[in-house]
Amino acid sequence: MLRYTLLRILGAIPTLLLVIALAFLMVHAAPGGPFDEERVLPPEVEANIEAHYNLDEPLPKQFLRYLVGLTRGDLGPSYRYRGHTVSELIGTSFPNSLKLGALAIVIALLLGVGGGTYAALRQGAFADRFVMGLSMTGISIPVFVVAPVLVLLFAVNLQWLPAGWSGTEGVGRYVLPVITLALPQIAYIARLTRASMIDVLARDFVRTARAQGLGTLRVIRVHAIKPAMLPVLSYMGPAIAGIITGSVVVEEIFGIPGVGQLFVRGAMNRDYTLVLGVVVFYASLIVAFNLIVDILYAVIDPRVRYR
Amino acid sequence: MKTIRVTGGILLVIAIAAVAGPWLSPNDYVTTDFDAILAAPSAQGSHWFGTDNLGRDLFVRTMLGIRVTLMVAIVASLVSLVIGVAYGAIAGYVGGRVDAVMMRFVDTLYALPFIFFVILLMVAFERNFLLIFVAIGAINWLDMARIVRGQTLGLREREFVEAARLTGVSTPRIVLRHIAPNLLGIVIVYVTLTIPQAILVESFLSFLGLGVQEPQTSLGTLVDAGVAQMEQASWTLLIPASLLALILMCFNFMGDGLRDHFDARHDR
Amino acid sequence: MSLLDVTGLSIRYDGQAVVDGVDLFVERGESVGLVGESGSGKSQSALAILGLLPARAQVSGSIEFDGQQVLGADDALLDRLRARRIGMVFQDPMQALNPYLRIGVQLRQVLVAHGLAAGRDADARVIEALTRVRLPDPERQFRAFPHELSGGMRQRVMIASALIAGPDLLIADEPTTALDVTVQAQILELLEEIRDNTALLLITHDLGIVAGHCEHMIVLEKGRLVDAGPTTSVFASPRHAHTRTLLEAAPRVDRGEVPAPVDGRTLLAVEAASVQYRDRGGALLDAVNDVSFAVRQGETVAVVGESGSGKSSLVRAMLGLVPMASGKVVYAGEPLEGPVQHRARERRRDLQLVFQDPVSALNPQMRVRSIIEEPLLVHEKGIGSAERLGRVTAMLDKVGLEAAFLTRYPHELSGGQAQRVAIARALVLEPRILVCDEAVAALDGSVRKQVLDVLRSVQDEAGLSIIFISHDLAVVRSISHRVLVMYAGRLVEVAGNDDLFASPLHPYTRALIDSVPVPDPVVAPKAAPLRGETPSLIDPPSGCVFHPRCPRSDETCASKRPRLREIRGTRVACHYPLDR
């Protein structure tokens, strides 16, 4: 198990490097810089600015410089927010995104797994079809439709909850953004859990457990829940990616100063160091998360450890 | 089978409406009706879906939006289909080290927050309409490649392929006669499931103001505009939003139905 | 009052009966065999007794266990009977044990669920149960996962779990079908020994097992009971035609006619072939080690061995489907080299293969006509479609299928029909050598006999040579002229059919033959001749690979590898061959 974990960690490093390199290349391939829109600058000034940001160096050298900075957690200076480093900007906005995302994932897991298991046990019955119909609807309604509709209903018409973020305090302001983020994930996880639970309940070892007189609840608790959770575990990587994507919209609509908002502003302003920083930051997060998922997978499924 | 027929029927009706609808309406998609700014849906002036804040007819604009959305989605799915099938089939059929390297690359791309790249591309390349197709297709080919690769790998090991090799059937013929027909089912299922994903990305970009340019429109653009007006005129949001959801739901249900259909055939 | 009394049991799915009015009873302590081919309803009946059928099954009749009606009983009552009163052993222990849980946890749950023991006490009883089924090193296996055990050990665990709560009846559903024949003998012996006074309902397709281990037997055909009674009288005077068919289709390893030797010229020779694989962990293993043999024209050469013996790898390397690490193949005086796709077309058509699983061997998207026609399209481009159709139809006729099958898809065929289509595809090019890789292993006895008859008639007609790979010695005895015995990648004995079965020279061959159950209740089953299982190929035993299991081995066997040597026409690799 230790060997497996170490191998996985080692295997994640080249992936991470490749991801950073790809992001770096794509950002540098994009035409136009942050200073293009301003008046045409005298060549000396432009050269000065380029030298200041080391843009005059050859690309490989810039990349190496970037990597060295990364090891110290330095993502470089922002082009637009003068006097701020990218790390600072991400550091102040990430806690907001993290709180929303973590809450959404936890809620999605609880409701998704619960609903999916319930539906699997009632397979074919009304309850099953109801839960599954609901979750298909959940998957099919985009975040940017859910968010305004929720605002229209609960903030504008019923006035139960605040529509925005700034100027409000307390738990209330979390409710709508978290629900918006969690909804598609709840739906997806519920479907995944149901399918996988039905699959596991049809396996021979479950029949063995039933033949041993273990009773439905014990069969599920002891024999079925672990393997049934494997697809859900595998989905955690994409789920995080989905939440990050969703956060861009949610933070825009609710006016939350998170990383998503920071990114959209950065992209609009062609603040490429900021954009690159956010991409690298989130990519590392996803790689790390996938690593954890892989290790947890091996904890549940002993056969994986030997591969 | 019932699900496939019902959802297919709904989608067909929507598609026909999107193509023929604008002809039936006396209005067009750019002209402002000064008598009806933000008018609620009514037969008055034939504004069946009402008008927006510029007095433009929302029925015609919505139908146009559906056209654009469907077109983007279908073209993007075709792009992802071509890339994904070719990539996955090569990796799976060649196997060995080539497969390992190719799949490692796919795994790496999976770790990228792709939507951010697309946003970046949109900003950098001035919202080129063609680029939207390419960008969306480039996101969605990963799943297709993985699935096709897995299937091909499995098929390559199947005994009927070995039997064909043993009797001297050439590689192109093996791919054409033995591998491809057995991939068809799963590819159809995943194209059906890729379309709603492409629609999501397109409308997501349009919603952020990075998609289709005014006065052209798409369902995402309409939802975005609707959000701005929703407090005074909720129909500007609810009509395009529910049509978008309906289309997505139909594709999702259809993909699900197709998967069950092909699975059942396999089990026999 | 019988312990188990089933009357008029019927099971229907969507109105279709899979079991139709079956009566069976089991007295305390006795063993009853429930026999039938696939689709006879034997497993369904067993599942019905424990209330394990899916909800959509409509069950009627009566199932009384110890005077209590079980049919239609609620889960609470059934859960009290299960394990506690009725234990169950399933066919494939790899599937039937939970791969995600340690062995000890799975067994302990049975005790805990029934309130029989808890904590340390439960652990101790689990280890005691594992010891009873003679699992080596039970304390360690307690903490093992199922995949870390061999097939035989897994089935021992399964039996331990079925007996741990002390049931009055043990139902065993094909308990040895997934196992090698020498391990099967051990498990059957174990079942006899440890069940004490527990009654046994043994479900099997193998008449040999019933003959050796059951006092009573019941024969099912397509869901109906066709014969029942004491085993000796059913064997001696079967009442129903189906029982007679089953008995006639069951070949015997101990007696009966064998094919006379063939004296043709050598057609194909494999010289010093070795095949190596890498396993998932990257370790190199010797699947085949230095094997040579020859095939004569018109001869059937059988390659026998248990799983992991390398018999399949050997022929796959010969055909060029997997690379050969060293050695060569000489066909009609010319070497055959490289992977199959690099071999000359004309050579390829001469060697054809029939697989074990006909379902996987036929492209599900192609009709029977296209399947059989494809080799002709490749090799005989000159002929027109009318002639092609004629040859396909003639070929179908030869394997005993009508022209109506031409338009069928593989999923519309039964197992035996599909295998005949696969044989037709292999034979349509009129090859010189046909390789059958466990080609009848997946078929029911009566169907197997038909397929074997097809092979024999083609051989007589066209002088075809057949390489017949099989784990089933009784079948091998009925069809082959010469036999190669393999063990752990090595050739241990090569002999003519007569010599090999009458007086084998290698102790492993002897053990293999003695392990096969004989379908005759008069012949008492022999004690399991071997302990243990096939060794790991990654780290095979030193000297003679068979020495750790061999009753005759000494230090020489442990240190020195025996060479194949010839003794009175038999080649054998053993330091201490048996007397003839």
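Further up the page is the structure itself.
Just so it is clear, the model here is predicted, and its values are computed rather than measured. Each chain has its residues counted from 1, running along the sequence as written. Throughout, the order in which chains and ligands are written sets their labels, letters from A for the former and numbers from 1 for the latter. Two thresholds apply to this predicted model, a pLDDT of at least 70 for residue-level local features and 80 or more for giving and counting side-chain atom pairs, whereas whole-chain, interface and lining totals are computed over all residues. Side-chain metrics rest on all non-hydrogen atoms present in the structure, leaving aside hydrogens and water.

Enquirer: Which residues make up the overall build of chain B, and what are the values?
Expert: Assigned secondary structure in chain B consists of nine helices and zero strands. For chain B, the C-alpha atoms occupy an extent of roughly 80 × 45 × 25 Å along the three principal directions. Taking all 268 residues of chain B together, 55% fall into the buried category. In this description, contact between two residues means that some pair of their heavy atoms is separated by no more than 4.5 Å. Across chain B, the fraction of contacts at a sequence separation of at least 24, relative to all contacts at a separation of at least 6, is 70%. Here the open area of atoms and residues is found with the Shrake-Rupley method and a 1.4 Å probe, where only the protein chains shown may cover a residue. Accessible surface, chain B: about 11300 Å² in total, of which carbon and sulfur atoms supply 66%. Separation between the mean location of the 18 positive side-chain charges and that of the 20 negative ones in chain B comes to 14 Å. Strands are runs of DSSP state E lasting at least 2 residues, helices are runs of H or I lasting at least 4, and numbering of each runs from the N terminus. Residue burial is assigned from relative accessible area. The probe radius is 1.4 Å, only protein chains are included, and a residue is buried under 20% of its type maximum, exposed over 50%, and partly exposed in between. Charge assignment in this entry is limited to Lys and Arg as positive and Asp and Glu as negative, and neither His nor the chain termini are counted. Here the site of a charge means NZ on Lys, CZ on Arg, CG on Asp, or CD on Glu.

Enquirer: Give me the sheet that holds strand β14 (residues 326-331) of chain C: which residues, what numbers.
Expert: Residues and elements named next belong to chain C. The rule for pairing is simple: two strands pair if DSSP sees at least two bridges between them. If you trace the four strands from one edge of the open sheet to the other, you get β12-β11-β14-β15, paired in antiparallel fashion. Of all the strands in the sheet, just β12 (284-296) and β15 (334-336) have a single pairing partner and so form its edges. Taking each pair of neighbouring strands and ignoring which way they run, the sheet shows an average axis angle of 30 degrees. Here strand β11 (residues 266-278) pairs with β14 via five bridges, running antiparallel. Considered in β14, the bridge of Glu271 is made with Lys328. Under this scheme, a helix contributes an axis fitted over its contacting stretch, all axes are lines through C-alpha atoms, and angles between N-to-C directions fall in the 0 to 180 degree range. The strands touched by helix α12 (residues 311-319) are β11, β12 and β14; relative to β11, the strand with the most contacts, the crossing angle is about 115 degrees.

Enquirer: Please give an account of the sheet that holds strand β4 (residues 58-65) of chain C that cites residues and values.
Expert: Residues and elements named next belong to chain C. Across the sheet, four strands lie side by side as β2-β1-β4-β5; this open sheet has antiparallel pairing. Unpaired on one side and paired on the other, β2 (16-26) and β5 (68-69) mark the two borders of the sheet. Across seven bridges, strand β1 (residues 4-13) lies against β2 in antiparallel orientation. The partner of Leu4 across the bridge, within β2, is Val26.

Enquirer: Give me a positive patch on the surface: which residues, what numbers.
Expert: Each patch is assembled from residues with relative accessible area greater than 30% and no salt bridge, linking like charges that lie within 9 Å and nonpolar side chains (Val, Leu, Ile, Met, Phe, Trp, Tyr) that lie within 5 Å. Each reported salt bridge corresponds to a side-chain nitrogen of Lys or Arg within 4 Å of a carboxyl oxygen of Asp or Glu. A cluster of basic residues, C:Lys560, C:Arg561, C:Arg563 and C:Arg565, forms a positive patch on the protein surface. Inspection of the secondary structure puts C:Lys560 in the loop between α22 (555-559) and β21 (565-567).

Enquirer: An account of the interface of chain A and chain C is needed here, citing residue identities and associated values.
Expert: In this assembly, 24 residues from chain A lie in contact with 30 residues from chain C. The quantity reported as buried area is the accessible area (1.4 Å probe) lost by two parts once they are put together, taken as the sum for both. In total, chain A and chain C occlude about 2400 Å² of area from one another, counting both sides; carbon and sulfur atoms represent 58% of this. For the interface between chain A and chain C, the tally reads zero salt bridges. Polar contact is the term for a pair of N or O atoms within 3.5 Å; when the atoms are in protein, one must be able to donate a hydrogen and the other to accept it, and sequence-neighboring residues count only if both atoms are side-chain atoms. Linking chain A with chain C are eight residue pairs in polar contact (both at pLDDT 80 or more). Sorting the residues of the side of chain A that touches chain C by element identifies α8 (204-211) and α9 (216-254) of chain A as the ones contributing at least two each.

Enquirer: So what's going on with a nonpolar patch on the surface? Which residues, and what values?
Expert: Where nonpolar side chains cluster on the molecular surface, the patch consists of A:Leu103, A:Val106, A:Ile107, A:Leu110 and A:Leu111 and spans about 450 Å² of accessible area. Along the chain, the position of A:Val106 falls in helix α4 (residues 86-121).

Enquirer: Help me get a handle on the packing of helix α6 (residues 159-166) of chain B against helix α7 (residues 171-207) of chain B, residues and values and all.
Expert: Residues and elements named next belong to chain B. The N-to-C vectors of α6 and α7 enclose an angle of 175 degrees; their axes lie 11 Å apart at closest approach. Accordingly, the angle class assigned to the pair α6 and α7 is roughly antiparallel. Contacts between α6 and α7 involve Phe160, Val161, Ala164 and Arg165 from the first element and Ile174, His178, Ile179 and Asn182 from the second. Charged means Asp, Glu, Lys or Arg here, nonpolar means Ala, Val, Leu, Ile, Met, Phe, Trp, Tyr, Cys or Pro, and polar covers whatever is left, Gly included. Of the residues belonging to the contact of α6 with α7, the class tally is five nonpolar, two polar and one charged. For classification purposes, an angle smaller than 35 degrees is called roughly parallel, one larger than 145 roughly antiparallel, one from 65 to 115 roughly perpendicular, and anything else oblique.

Enquirer: Lay out the packing of α4(A) against α9(A) with the relevant residues and their values.
Expert: Residues and elements named next belong to chain A. One can describe the packing of α4 onto α9 by two numbers: an axis separation of 9 Å at closest approach and a directional angle of 140 degrees. Regarding the angle of α4 to α9, the classification is oblique. For α4 against α9, the interelement crossing comes out right-handed. Here Ser97, Gly101, Ala104, Ile105, Leu109, Val113 and Leu121 of α4 lie close against α9, whose contacting residues are Ile220, Met229, Val232, Met236, Ala239, Ile240, Ile243 and Glu251. Handedness of each helix crossing follows the sense of rotation of the near helix against the far helix: counterclockwise by less than a right angle gives left-handed, clockwise gives right-handed.

Enquirer: Run through the packing of aromatic side chains, naming residues and quoting values.
Expert: Centres within 6.5 Å are what make two rings of Phe, Tyr or Trp a pair, Trp counting through its six-membered ring; a difference in plane orientation under 30 degrees is then read as stacked, over 60 as edge-to-face, and the rest as tilted. A full pass over the atoms with the stated rule returns 12 aromatic pairs over all chains. Between A:Phe94 and A:Phe281 the ring centres are 4.9 Å apart and the planes differ by 85 degrees, which places this aromatic pair in the edge-to-face class. Here A:Phe94, found in helix α4, pairs with A:Phe281, found in helix α11 (residues 272-300); they are 187 residues apart in sequence, far enough to count as distant. Judged by relative accessible area, A:Phe281 falls into the partly exposed class, the value being 23%. Both rings, one in A:Phe126 and one in A:Phe130, keep their centres 6.0 Å apart while their planes meet at 25 degrees; by these two values the pair is stacked. You can see A:Phe126 and its partner A:Phe130 sitting in helix α5 (residues 126-140), four residues apart, about one turn around the helix. Residue A:Phe126 is classed as exposed on the basis of its relative accessible area of 66%. Looking at A:Phe130, the relative accessible area reads 48%, which means it is partly exposed. In this structure an aromatic cluster arises from ring pairing among A:Phe24, A:Phe63 and A:Tyr66. Here, a charge over a ring means that NZ of Lys or CZ of Arg falls within 6 Å of the ring centre while also lying within 35 degrees of the ring normal. Sitting over the face of the ring of C:Tyr100, A:Arg303 holds its NZ or CZ atom 5.3 Å from the ring centroid. Taking NZ or CZ as reference, C:Arg408 lies 4.5 Å from the ring centre of C:Phe405, over its face.

Enquirer: Any details on the pattern of salt bridges? Residues and values, ideally.
Expert: All names here are of chain C. According to the stated counting rule, one finds 37 salt bridges over all chains in the structure shown. As a salt-bridge pair, Glu174 and Lys42 come within 3.8 Å of each other at their nearest N and O atoms. Of this pair, Glu174 sits in the loop between β7 (169-173) and α8 (181-194) while Lys42 sits in helix α1 (residues 42-49); the two residues are 132 residues apart in sequence, bridging distant segments of the chain. By relative accessible area, which is 8% here, Glu174 ends up buried. For Lys42, a relative accessible area of 7% gives the class buried. A salt bridge links Asp520 to Arg252; the nearest nitrogen and oxygen atoms lie 3.1 Å apart. Taken together, the positions of Asp520 in the loop between α21 (507-515) and α22 and Arg252 in the loop between α11 (241-249) and β11 put the pair 268 residues apart, joining distant regions of the chain. You'll find Asp520 and Arg252 in the same group, each marked buried. A cluster of three or more residues bridged by salt bridges with shared partners is formed by Arg28, Asp66, Arg85 and Asp168.

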